[in-house]
Amino acid sequence: MAVSQDDKTLLAIYRHSDTKEKGFTLIIRKYQERLYWHIRRMVIDHDDANDVLQNVFIKVWKNLENFREDAQLYTWLYKIATNESLTFLDQQKRKTSISLSEVESGLSNKLKADPQFDPNKLEWKLQRAILSLPEKQRLVFNLRYYDEMPYEEMSRVLETSEGALKASYHHAVKKIEEFIKNG
């Protein structure tokens, strides 16, 4: 596999008219798997995650010209992926006009429908515990635990103070520990 190019190089390739599509393809290749798993942990279902990811890359294609490099490309992409995931979940709620707890219950049912699902395995208990969290705590937990995103970076993605994020993560961890211990 070729050595991954840095973002400045990829953006330079993208910004040259002869290599614009190649640059965009390289950016997609570099980030699509990380973005997919970030989205998947929020929307749970594989097909839904692919749909949201496709929407993310459409939005990126339309707006990459205007990316000013004030933030890292990674941060900008995660912000778009997070917003698209939250929009998708909101649409699911509105489309079916059901409560948030019913949406979360539906996500939990999708998880249980996975052919690999085993409620006694710790990894599945963790997934069920994460799904029991409020949306914001779930998002913060996923970014910190799975993506190992620093609070400073997360603060830019979610436009929230680092202190609030640390508190959300702390509460999420406590709730997950309690769920696993008692669940």
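Before going into details, it helps to say that this report is about the structure given with it. (Residues numbered from 1 in each chain as written. Predicted model: local features only at pLDDT ≥ 70, side-chain atom pairs only at ≥ 80, totals over all residues. Heavy atoms only, no water.)

**Some details on helix H1 (residues 7-15)**
What counts is decided by this rule: Buried residues are those whose accessible area, probed at 1.4 Å on protein chains only, stays under 20% of the maximum for their type, while exposed residues exceed 50% and partly exposed ones sit between those limits. Note on conventions: DSSP H or I runs of at least 4 residues are helices, E runs of at least 2 residues are strands, and numbering of each starts at the N terminus. Directions are taken from the helix axis to each C-beta atom, and the arc is the one they span.
Listed as buried for H1 are Asp7, Leu10, Leu11, Ile13 and Tyr14. For H1, the angular spread of the buried residues around the axis is 155°, confining them to a single face.

**Observations regarding the packing of aromatic side chains**
Test applied: Pairing of aromatic side chains here covers Phe, Tyr and the six-membered ring of Trp, requires ring centres within 6.5 Å, and sorts the geometry by plane angle: under 30 degrees stacked, over 60 edge-to-face, intermediate tilted. Either the NZ atom of lysine or the CZ atom of arginine qualifies as a charge over a ring when it sits within 6 Å of the ring centre and within 35 degrees of the ring normal.
Scanning the model with the defined rule gives 11 aromatic pairs in all. The interplanar angle of 90° and the centroid separation of 4.9 Å between the aromatic rings of Tyr145 and Tyr146 together place this pair among those described as edge-to-face. Take Tyr145: its relative accessible area is 42%, and that puts it in the partly exposed class. Through a chain of ring-to-ring contacts, three or more aromatic side chains come together here, namely Phe141, Tyr145, Tyr146, Tyr151 and Tyr169. Over the ring of Trp61 we find Lys20; its NZ or CZ atom is 5.5 Å from the centre of that ring. Here Arg144 stacks its cationic end above the ring of Tyr151, 4.3 Å away from the centre of that ring.

**Comments concerning the pattern of salt bridges**
Note the threshold: Basic side-chain nitrogens of Lys or Arg form a salt bridge, by our definition, when they fall within 4 Å of a carboxyl oxygen of Asp or Glu.
Enumeration over the complete set of coordinates arrives at 12 salt bridges. In this structure, the salt-bridge partner of Lys79 is Glu159, at a minimum N-O distance of 2.5 Å. One end of the pair, Lys79, is in helix H4 (residues 73-96); the other, Glu159, is in the loop between helix H8 (151-158) and helix H9 (162-182), and 80 residues separate them in sequence. Under the relative-accessibility criterion, Lys79 is labelled partly exposed at 23%. For Glu178, the salt bridge identified is with Lys181, shortest N-O distance 4.0 Å. Within this pair, Glu178 and its partner Lys181 are both found in helix H9, separated by 3 residues, close to a single helical turn. You can call Glu178 partly exposed: its relative accessible area is 40%.

**Quick notes on the nonpolar core**
Applied cut-off: For our purposes a nonpolar core is just a set of buried Ala, Val, Leu, Ile, Met, Phe, Trp, Tyr and Cys residues, chained together by side-chain atoms within 4.5 Å. By convention here, the domain bounds are inherited from an automatic or database domain assignment.
Ranked by size, the top nonpolar core spans 48 residues in total, and within it Leu64 and Leu73 carry the most contacts. Among the secondary structure elements, those contributing two or more residues to this core are H1, helix H2 (20-43), helix H3 (46-63), H4, helix H6 (122-131), helix H7 (135-145), H8 and H9. Of all the elements, H2 adds the most residues to this core, at 10 residues. Both of domain 1 (7-97) and domain 2 (106-182) provide at least three residues apiece to this core.

**Things to note about the environment of Ile27**
Stated precisely, the cut-off is as follows: Contact between two residues is taken to exist if any of their heavy atoms lie within 4.5 Å; hydrogens are not considered.
Relative to the helices and strands, Ile27 resides in helix H2. With 20 residues separating them along the chain, Ile27 and Asp7 place their C-alpha atoms 7.9 Å apart. In contact with Ile27, other than residues within four places in its own chain, are Leu10, Leu11, Leu64, Leu73 and Leu77.

**Focus: H3**
At 3.6 residues per turn, the α-helix brings residues three or four places apart onto the same side. The line we're drawing: Multiplying 1.5 Å by the helix residue count minus one yields the expected span of that helix. Polar contact is the term for a pair of N or O atoms within 3.5 Å; when the atoms are in protein, one must be able to donate a hydrogen and the other to accept it, and sequence-neighboring residues count only if both atoms are side-chain atoms.
For H3, spanning 18 residues, the distance from its first C-alpha to its last is 26 Å, which sits close to the expected 26 Å at 1.5 Å a residue. Within H3 the residues assigned to the buried category are Asp48, Ala49, Val52, Leu53, Val56, Phe57 and Val60. Where H3 starts, the residue carrying a side-chain oxygen 3.1 Å from the main-chain nitrogen of Asp47 turns out to be Asp45.

**Some remarks on the packing of H7 against H8**
Convention followed: Structural elements are reduced to axes, namely lines fitted to C-alpha atoms, with helices fitted over the stretch in contact, and the angle between N-to-C directions of any two is expressed from 0 to 180 degrees. Each angle is binned into one of four classes, with values under 35 degrees roughly parallel, values over 145 roughly antiparallel, values of 65 to 115 roughly perpendicular, and all other values oblique. What makes a crossing left-handed is the near helix being turned counterclockwise from the far one by less than a right angle; a clockwise turn instead makes it right-handed. Residue classes follow a fixed rule: Ala, Val, Leu, Ile, Met, Phe, Trp, Tyr, Cys and Pro count as nonpolar, while Asp, Glu, Lys and Arg count as charged, and any other residue, Gly among them, counts as polar.
For the pair H7 and H8, interaxial distance at closest approach is 11 Å and the crossing angle is 140°. Between H7 and H8, the crossing angle belongs to the class labelled oblique. The chirality of how H7 crosses H8 is right-handed. Across from Leu139, Val140, Leu143 and Arg144 in H7, the residues of H8 making contact are Tyr151, Met154 and Leu158. For the contact of H7 with H8, the per-class residue count stands at 6 nonpolar, no polar and 1 charged.

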